[in-house]
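# A structural walkthrough
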Amino acid sequence: MSPTSNPTIIFISATQGIPVPGENLVYRPEITIDIDNEPLDGGILTKTVALGIDPWLKSRMIYEYKPNTPVLGYGIGVVLRSENPKFRVGDYIQARSYPFSSYAVLSEEVATVRILKNEANLPWTAYLGVLGLAGETAWVGYKAHADAKKGETIYVSTGAGAVGSVVCQVAKAEGLRVIASAGSDSKVEFLREIGVDVAFNYKKQDVGTVLKENGGVDIYWDHVGGKTLETVMGCMNKYGRIVICGFASEYNLPREEWHGNKSFILALVKNLTISGFIISDTIAKFGDFDFESEVTKLVKAGKMKFREEPSDNLEDAMKMLADCLVGGNEGKGVIVFS
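A quick note: this is a predicted structure, and the numbers were derived from the prediction, not measured. Every chain is numbered on its own, with residues counted from 1 as its sequence reads. Totals for whole chains, interfaces and linings use all residues, but because this is a predicted model, local features are given only for residues with pLDDT of at least 70 and pairs of side-chain atoms are given and counted only at 80 or more. In computing side-chain values, all of the structure's heavy atoms are included and hydrogens and water are not.

## Here we look at the overall build of the protein
- Here a helix means four or more residues in a row that DSSP labels H or I, a strand means two or more in a row labelled E, and each is numbered from the N terminus. The secondary structure content of the protein amounts to 10 helices and 18 strands.
- It is over C-alpha atoms that the radius of gyration is taken, and the globule rule equals 2.2 Å times the number of residues to the power 0.38. A globule of 338 residues ought to have a C-alpha radius of gyration of about 20 Å, and the protein, at 21 Å, matches this closely.
- With the C-alpha coordinates of the protein rotated into their principal frame, the extents come out at 70 × 45 × 35 Å.
- Three labels apply to residues, based on accessible area from a 1.4 Å probe with only protein chains included: buried if under 20% of the type maximum, exposed if over 50%, partly exposed otherwise in between. A burial count over the protein gives 52% of its 338 residues as buried.

This is the structure:
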């Protein structure tokens, strides 16, 4: 067979700020692949079904990616060829390090590739968000670290995001009062749709004022760090828990511009518990709390809602990554292939 077109997003260089399309990342539509003869080295060749756009790709650019190689992220593909007995032609698979391309060879990565059964017949893209890394981070992190009790109040920053929206819905289902913020009115409306008790736009309302007006906070699920974390610590109730999932306000700043925290003494005064976590480490220590089976049931029953921002154009992945790093997205970014 003659070579097949295999457009690919190539990583060029890391940046402290927002990745620039055409500079840090480049779309290469001229790349091809020989589907029948491409060496597999004991791995598999897949046709891409969908790719996920996640903020953590920025960290991988700095610490993991090699220049002039494909961007890697969570992806789903269908197996076209296999030299590994674990995988058969026609299997749908999910990989953590899936190349951002139309076709992919997974050889060294094949040990971490998992087969997706999708017996609930959900959209494949669900396995990149609510049933993927984002949902797993929310579900496992909450179960392991929040120590939540019915009747308590939780505040979730970036509440409309792929992780935050799952935390909001899990907390609400467990009988907590949920306060959540987002950076646009449309995202605030989504928060109301998923049952958040107090939803507000942090660009229009002061975080500290809203939290104090609502009796303070027992649990803070933090995605942003910086000034917001400092403010929320002043609104925490005694014996409160802070779960640090991200530091979005400082990811794109050099270390000397990080905000710091002038409220840290309150961890002592208020007997606060602060837990930062990396999802892989948390699962290794606590297990996954039956994440996939439990959340699949919730999604199938319509009790776990999620919002996506899809595109069928691979080139859009570069802008979508930049958007999600500054809150410019309206849902979980996914690239969907025909």
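## Some details on the sheet that holds strand S16 (residues 273–276)
- The pairing criterion for strands is at least two bridges between them, as found by DSSP. Taken together, the six strands give an open sheet; going across it, the order is S13-S12-S11-S14-S15-S16, and neighbouring strands pair in parallel fashion. Each of the sheet's edge strands pairs with one partner strand only, and the pair in question is strand S13 (198–201) and S16. Neighbour-to-neighbour, the strand axes of this sheet turn through a mean angle of 15°, independent of strand direction.
- With three bridges connecting them, strand S11 (residues 153–156) and strand S14 (residues 217–222) associate as parallel partners. Counterpart to Val 156 in the pairing with S14 is Trp 221.
- Each of strand S12 (177–182) and S13 touches helix H4 (residues 185–193); the most contacted strand, S13, lies at about 175° to it.
- Across the sheet, helix H6 (residues 226–233) touches S11, S14, strand S15 (236–244) and S16, and the angle it forms with S15 is around 155°. Axis lines are fitted to C-alpha atoms, over the contacting stretch for helices. Their N-to-C directions set the angle, which ranges from 0 to 180 degrees. Contacts were defined at the residue level, with two residues in contact if any of their heavy atoms lie within 4.5 Å.

## Observations concerning the environment of Arg 192
- Inspection of the secondary structure assignment puts Arg 192 in helix H4.
- In the structure, Arg 192 is positioned 12 residues away from Ala 180 in sequence and 9.4 Å away in space, judged by C-alpha atoms.

## Structural notes on the pairing of strand S7 (residues 72–82)
- Buried residues dominate S7, accounting for nine of its 11 residues.
- Where S7 meets strand S8 (residues 92–99), six bridges bridge the pair, whose relative direction is antiparallel. Opposite Gly 77, over in S8, you have Ile 93 as the bridge partner.

## Focus on the pattern of salt bridges
- Salt bridges are identified by distance alone: a Lys or Arg side-chain nitrogen within 4 Å of an Asp or Glu carboxyl oxygen. Following the criterion strictly, the structure yields 15 salt bridges and no others.
- Note that Glu 64 is salt-bridged to Arg 60, the shortest N-O span being 2.7 Å.
- According to the relative accessible area criterion, Glu 64 is partly exposed, its value standing at 35%.
- For Glu 174, the salt bridge goes to Lys 143, with nearest N and O atoms at 2.7 Å.

## Considerations on helix H1 (residues 56–63)
- Regarding H1, the residues found buried are Leu 57, Lys 58, Arg 60 and Met 61. Projected down its long axis, H1 shows its buried positions confined to an angular sector of 160°, all on one face.
- Its buried side turned inward, H1 meets strand S2 (8–11), strand S3 (25–28), strand S5 (44–53), S7, S8 and helix H10 (316–325). The directions considered for the arc run from the helix axis to the C-beta atoms.

## Observations concerning the nonpolar core
- We define the nonpolar core as a collection of buried residues of types Ala, Val, Leu, Ile, Met, Phe, Trp, Tyr and Cys that are connected through side-chain atoms lying within 4.5 Å of one another. Within the largest apolar cluster, 49 residues are counted, with the highest numbers of intra-cluster contacts made by Tyr 142, Ile 154 and Leu 191.
- It is helix H2 (residues 133–145) that contributes the most residues to this core, six residues altogether.
- If we skip the residues at most four places from it in the chain, Ile 154 touches Tyr 142, Val 167, Ala 171, Leu 176, Arg 177, Val 178, Ile 179, Val 217 and Ile 219.
- Within the second largest apolar cluster, 30 residues are counted, among which are Val 79, Ala 104, Ala 317 and Cys 324.

## What to know about the side chain of Asn 84
- Counting through the fold element by element, Asn 84 comes out in the loop between S7 and S8.
- A distance of 2.8 Å separates a polar atom in the side chain of Asn 84 from the backbone nitrogen of Lys 86.
- Excluding residues that lie within four positions of it along the chain, Asn 84 makes contacts with Gly 42, Gly 43 and Val 110. A 3.5 Å cut-off defines polar contacts: any pair of N or O atoms within that distance qualifies, except that in protein one atom must be a possible hydrogen donor and the other a possible acceptor, and neighbouring residues in sequence count only when both atoms are side-chain atoms.

## A word on the environment of Ile 278
- Structurally, Ile 278 is set in the loop between S16 and helix H8 (279–286).
- Linking Ile 278 and Asn 37, residues 241 residues apart in sequence, is a C-alpha distance of 39 Å.

## Some points on a nonpolar patch on the surface
- On the surface, a nonpolar cluster with roughly 340 Å² of combined accessible area is contributed by Ile 265, Leu 268 and Val 269.
- By the element assignment, Ile 265 lies in the loop between S15 and helix H7 (266–269). Patch membership needs two things, relative accessible area over 30% and no salt bridge, and members are linked within 9 Å if like-charged or within 5 Å if nonpolar (Val, Leu, Ile, Met, Phe, Trp, Tyr). For the area figures, the Shrake-Rupley method with a 1.4 Å probe applies, and any residue is considered shielded solely by the protein chains shown.

## Let's talk about the packing of H2 against H8
- Remark: H2 packs on H8, axes separated minimally by 10 Å, with the N-to-C direction vectors making an angle of 50°. Relative to H8, the element H2 is oriented oblique. The handedness of the crossing between H2 and H8 is left-handed. Within the contact between the two elements, H2 uses Leu 133, Glu 136, Thr 137, Val 140, Ala 144 and His 145 and H8 uses Ile 279, Thr 282, Ile 283 and Phe 286.
- Under the scheme applied here, ten amino acids are nonpolar (Ala, Val, Leu, Ile, Met, Phe, Trp, Tyr, Cys and Pro), four are charged (Asp, Glu, Lys and Arg), and all others, including Gly, are polar. A breakdown of the residues in the contact of H2 with H8 according to their chemical character gives six nonpolar, three polar and one charged. Any angle that falls under 35 degrees is termed roughly parallel, while one over 145 is termed roughly antiparallel, one within 65 to 115 roughly perpendicular, and all others oblique. Left-handed is the label given to a crossing in which the near helix is rotated counterclockwise from the far helix by less than a right angle, and right-handed is the label when the rotation is clockwise.

## A word on the packing of H2 against helix H3 (residues 164–173)
- For the pair H2 and H3, interaxial distance at closest approach is 8 Å and the crossing angle is 40°. One element, H2, and the other, H3, form an angle in the oblique class. Between H2 and H3 lies a crossing of right-handed hand. Within the contact between the two elements, H2 uses Gly 135, Ala 138, Trp 139 and Tyr 142 and H3 uses Val 166, Val 167, Val 170 and Ala 171.
- Residues that form the contact of H2 with H3 fall into these classes: seven nonpolar, one polar and no charged.

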